Each structure stands twice: as structure tokens, then as C-alpha cells.
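Chain by chain, the residues:
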Amino acid sequence: MAFALLDQIRQIFDGDPGVRKVAGDPVLSAELLMLFRMILADGSVSESEMVVFRRICKDAFGIAESSIDSVIEYLNEFGYETNGSQAIALFRDLDVERRRQLAKHMAEIAKADSQLAESEMRLLRRTLDLLDISPVDVVKPQE
């Protein structure tokens, strides 16, 4: 109990650790923005898409569940400064596996609500083209 209270007080003064992690890593910020754009691509935010987004944040990026809402708020507040092309530009110089992971995560979110909208397909196709990733790389199982 006392440790939880101390942790809350520290977060008030230091800020949320998940937000600090995202804010300090432009590539991670860009990746999360692209994932969030995929959530919004069909014009609505489904609970299943948010569940997938939260799982990706936790499992792939090590963002604690308790930080995800603050990270989303941070992306909403500061994400308008970065458009999709700028976000993708950060990925062009990264290794191909990191680019594949972004594409796989985006596809996972697009499929989360069991309705693949044309707008989601367009965003995914454009992202794959910009990342120089083949659609086959997104759907083939990892070795």
C-alpha cells in the first residue's frame, strides 16, 4: 500500500514512465501513431482494436498496462504534429524486420474487429509500399 502511494506521488512529479519512454523515442512514437491511425482508419474505434493495441503496447514495446491510457493521451495531444508520411520516414532506415513488425501490427489491428474496411486496406497498402514490405511478409508465419 505504501509503495503504491509512493509510486503515485513519484509519477506526479516525474511523469508516467510509459509516456517518458514513448516521448523519448521518436521511432516508437511514430510506430504507435501509425497503429493508432489504423484504429481510426475505418472511422470508428472498436473495443477489439483497442484490446489489440493495448496488447501490442505491452508485449512488443514493454509499456505497462497502467501507462497505456496516459500514452494514448500523449499521442492524442502531440500526435497532430506528425503526419503519416513523417512517421513512415522514420522507418525507412530501420532494419527490415522492424518494418515488417510495424506492418504486422497494423494488419493485426485492422483485422481485430473482423471487418476489414476499404480505408484500412488503403492505409495498409500505402504503408507497405512506403516501407518497401511485401504483403506476403505480413501474412507469412515467423520462422
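Peer 1: Sorry if this is basic, but what is going on with the nonpolar core here?
Peer 2: Nonpolar side chains tend to gather and get buried jointly when the protein is soluble and globular. Formed by 39 residues in total, the largest nonpolar core has its most connected members in Leu32, Leu35 and Phe53. When contributions to this core are tallied by element, the ones reaching two or more residues are helix H2 (17–23), helix H3 (26–40), helix H4 (47–61), helix H5 (65–78), helix H6 (84–89), helix H7 (96–111) and helix H8 (118–131). With 10 residues, the top contributor of residues to this core is H3.

Peer 1: How do you make sense of the environment of Asp16 when you look at a structure like this?
Peer 2: Tracing the backbone shows Asp16 in the loop between helix H1 (2–14) and H2. With 52 residues separating them in the primary sequence, Asp16 and Ile68 have C-alpha atoms 9.6 Å apart. Here the side chain of Asp16 touches Gly18 through a polar contact of 2.8 Å, landing on its backbone nitrogen. A distance of 3.1 Å separates a polar side-chain atom of Asp16 from the backbone nitrogen of Val19.

Peer 1: Can you help me understand the packing of H7 against H8 in this one?
Peer 2: One can describe the packing of H7 onto H8 by two numbers: an axis separation of 10 Å at closest approach and a directional angle of 175 degrees. Overall, the two elements H7 and H8 adopt an arrangement that is roughly antiparallel. Contacts between H7 and H8 involve Arg99, Leu102, Ala103, Met106, Ala107 and Ala110 from the former and Glu120, Leu123, Leu124, Thr127, Leu128 and Leu131 from the latter.

Peer 1: Is there a simple way to explain the packing of aromatic side chains in this structure?
Peer 2: The geometry of two aromatic rings is summed up by the distance between their centres and the angle between their planes. Following the criterion strictly, the structure yields one aromatic pair and no others. The interplanar angle of 70 degrees and the centroid separation of 5.7 Å between the aromatic rings of Phe36 and Phe53 together place this pair among those described as edge-to-face. Taken together, the residues Phe36 in helix H3 and Phe53 in helix H4 connect sequence positions 17 residues apart. Its relative accessible area of 13% is what places Phe36 among the buried residues. Judged by relative accessible area, Phe53 falls into the buried class, the value being 0%.

Peer 1: Got a minute to help me understand the packing of H3 against H7 in this structure?
Peer 2: Two numbers describe a pair of packed helices, the interaxial angle and the distance between the axes. Between H3 and H7, the least distance of the axes is 8 Å, while the angle of their chain directions is 25 degrees. The orientation of H3 with respect to H7, classified from their angle, is roughly parallel. Between H3 and H7 lies a crossing whose hand is right-handed. Of the residues in H7, those in contact with Val27, Leu28, Glu31, Met34, Leu35, Met38 and Ile39 of H3 are Arg98, Gln101, Leu102, His105, Met106, Ile109 and Ala110. Here the residues of the contact of H3 with H7 are counted per class, giving 10 nonpolar, two polar and two charged.

Calculation notes
- The numbering scheme is per chain: residues are counted from 1 as the chain's sequence reads.
- In view of the model being predicted, local features appear only for residues whose pLDDT reaches at least 70, and side-chain atom pairs are presented and counted only at 80 or more, with totals across whole chains, interfaces and linings using the full set of residues.
- Side-chain metrics rest on all non-hydrogen atoms present in the structure, leaving aside hydrogens and water.
- Put simply, a nonpolar core is a bunch of buried Ala, Val, Leu, Ile, Met, Phe, Trp, Tyr and Cys residues held in one set by side-chain atoms that sit within 4.5 Å of each other.
- Here's how the labels work: a residue is buried when its accessible area is under 20% of the maximum for its type, exposed when over 50%, partly exposed in between, all with a 1.4 Å probe on protein chains only.
- Here a helix means four or more residues in a row that DSSP labels H or I, a strand means two or more in a row labelled E, and each is numbered from the N terminus.
- Side-chain atoms alone can form a polar contact between residues adjacent in sequence; in general such a contact is a pair of N or O atoms within 3.5 Å, and within protein one must be able to donate a hydrogen while the other accepts it.
- In this description, a line fitted to the C-alpha atoms serves as the axis of each element, helices being fitted only across the stretch in contact, and the angle between N-to-C directions of two axes falls anywhere from 0 to 180 degrees.
- By the definition adopted for this analysis, an angle is roughly parallel if under 35 degrees, roughly antiparallel if over 145, roughly perpendicular if from 65 to 115, and oblique otherwise.
- Contacts were defined at the residue level, with two residues in contact if any of their heavy atoms lie within 4.5 Å.
- Planes of paired rings set the category: under 30 degrees apart is stacked, over 60 is edge-to-face and the rest tilted, where pairs are Phe, Tyr or Trp rings (Trp by its six-membered ring) whose centres lie within 6.5 Å.
- In this scheme the crossing of two helices becomes right-handed for a clockwise turn of the near helix relative to the far one and left-handed for an anticlockwise turn of less than a right angle.
- When residues are sorted by character, Ala, Val, Leu, Ile, Met, Phe, Trp, Tyr, Cys and Pro go into the nonpolar class, Asp, Glu, Lys and Arg into the charged class, and all the rest, Gly among them, into the polar class.

On their own, these measurements won't tell you what the molecule is for.
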